[in-house]
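Take a look at the letters that make up each chain.
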Amino acid sequence: MRIAVLAVGRMRAPLDALCADYGRRLPWPVTVREVAESRPLGTGERIGREAELLRKALPKKATVIALDERGAMPSSTEFAARIGAWQDRGVETLAFLIGGADGLEPAFRDTADFVLAFGRMTWPHLMTRLLLFEQLYRASTILSGHPYHRA
């Protein structure tokens, strides 16, 4: 299985180093694809354009997980179990979508196979990426029986 992280915005230090550190520890190959709309657009138009860029970046046949505050809030062990189930079913690629400052276009978010929230609080999209990498690492340790997760 592969992991693809498709995100609006460019990661900067020091968060990029932390994401890279967690990414190196993962048992799955990870690719990060960053997209950005640089034209000055209104909010609705910009969200639509970001969704278009993310759609184009999606790997074929990927299982799509959208990160959004309206999503399910599984525990870390439940998240690991879901990843393990996808892996056991032979899913080739898990594609995680992270929108920009105004989130994902609702119609695009609603086409995802799963919508995931890291709580109801609003997180900056760059910090969301770091949280995702940490939870992917935590899931991999739960699945392998490593003692990193202490719950």
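Description of the structure in this document.

Conventions adopted
Residues numbered from 1 in each chain as written. Predicted model: local features only at pLDDT ≥ 70, side-chain atom pairs only at ≥ 80, totals over all residues. Heavy atoms only, no water. Helix = DSSP H or I, 4+ residues; strand = E, 2+ residues; numbered from the N terminus. Buried < 20%, exposed > 50% of the residue type's maximum accessible area, 1.4 Å probe, protein only. Areas by Shrake-Rupley, 256 points an atom, 1.4 Å probe, with all protein chains shown as cover. Phe/Tyr/Trp six-rings, centres within 6.5 Å; stacked < 30°, edge-to-face > 60°. Expected span 1.5 Å × (residues − 1). Arc of directions from axis to C-beta. Contact = heavy atoms within 4.5 Å. Pairing = 2+ DSSP bridges. Axes fitted to C-alpha atoms, helices over the stretch in contact; angles between N-to-C directions.

1. Concerning the overall build of the protein
In terms of regular secondary structure, the protein is built from 5 helices and 5 strands. The order of α-helices and β-strands along the protein, N terminus first, is β-α-β-α-β-α-β-α-β-α. Considering only C-alpha atoms, the protein reaches an extent of 50 × 35 × 30 Å along its principal axes. Here the protein, with 151 residues, has 45% of them falling under the buried criterion. Taken as a whole, the protein presents about 8100 Å² of accessible surface, with 52% of it coming from carbon and sulfur.

2. What to know about the packing of aromatic side chains
As enumerated under the stated definition, the model contains 4 aromatic pairs in all. Residues Tyr 22 and Tyr 137 carry aromatic rings whose centres are separated by 5.9 Å and whose planes lie at 40° to one another, so their mutual orientation is tilted. Taken together, the residues Tyr 22 in helix α1 (residues 15–25) and Tyr 137 in helix α5 (residues 125–144) connect sequence positions 115 residues apart. According to the relative accessible area criterion, Tyr 22 is buried, its value standing at 16%.

3. So, helix α3 (residues 76–88)
In an α-helix, one full turn covers 3.6 residues, which means residues spaced three or four apart are oriented alike. Between its first and last C-alpha, α3 extends 18 Å over 13 residues, near the 18 Å set by a 1.5 Å rise per residue. When we look at burial in α3, the residues that qualify are Ser 76, Phe 79, Ala 80, Ile 83, Gly 84 and Trp 86. Along the long axis of α3, the arc covered by the buried residues comes to 160°, so they all point the same way. Residues of α3 that are buried make contact with β3 (63–72), β4 (93–98), β5 (114–116) and α5.

4. So, unusual backbone geometry
In this model, Ala 13 is joined to Pro 14 through a cis peptide bond whose omega is 0°. Along the chain, Pro 14 turns up in the loop between β1 (2–8) and α1. If you check the backbone angles, Lys 61 has positive phi at about 60° while not being a glycine. Mapping Lys 61 onto the fold places it in the loop between α2 (43–57) and β3. For Lys 61, a relative accessible area of 73% puts it in the exposed group.

5. Looking at the environment of Ala 85
Looking at the secondary structure, you find Ala 85 in helix α3. Of the residues examined, Ala 85 reaches a relative accessible area of 32% and is grouped as partly exposed. Sequence separation between Ala 85 and Ser 75 is 10 residues; the distance between their C-alpha atoms is 15 Å.

6. Here's the deal with α5
Here α5 is 20 residues long and its end C-alpha atoms lie 29 Å apart, about the 28 Å a rise of 1.5 Å per residue gives. Burial analysis of α5 places 14 of its 20 residues in the buried class, the great majority of the element. Just downstream of α5, Gly 145 is the residue with a positive phi angle, here 80°.

7. Brief notes about the sheet that holds β3
Spatial ordering of the open sheet is given by β2-β1-β4-β3-β5, a layout of 5 strands whose pairing is parallel. Because the sheet does not close on itself, it has two edges, and the strands there are β2 (30–35) and β5. Averaged over all adjacent pairs, the angle separating strand axes in this sheet is 30°, with direction ignored. Examined bridge by bridge, β1 and β4 share 6 bridges and lie parallel to one another. Paired with Leu 6 across the bridge in β4 is Leu 97. On the sheet, α2 packs against β1, β2 and β4 and is oriented at approximately 160° with respect to β1.

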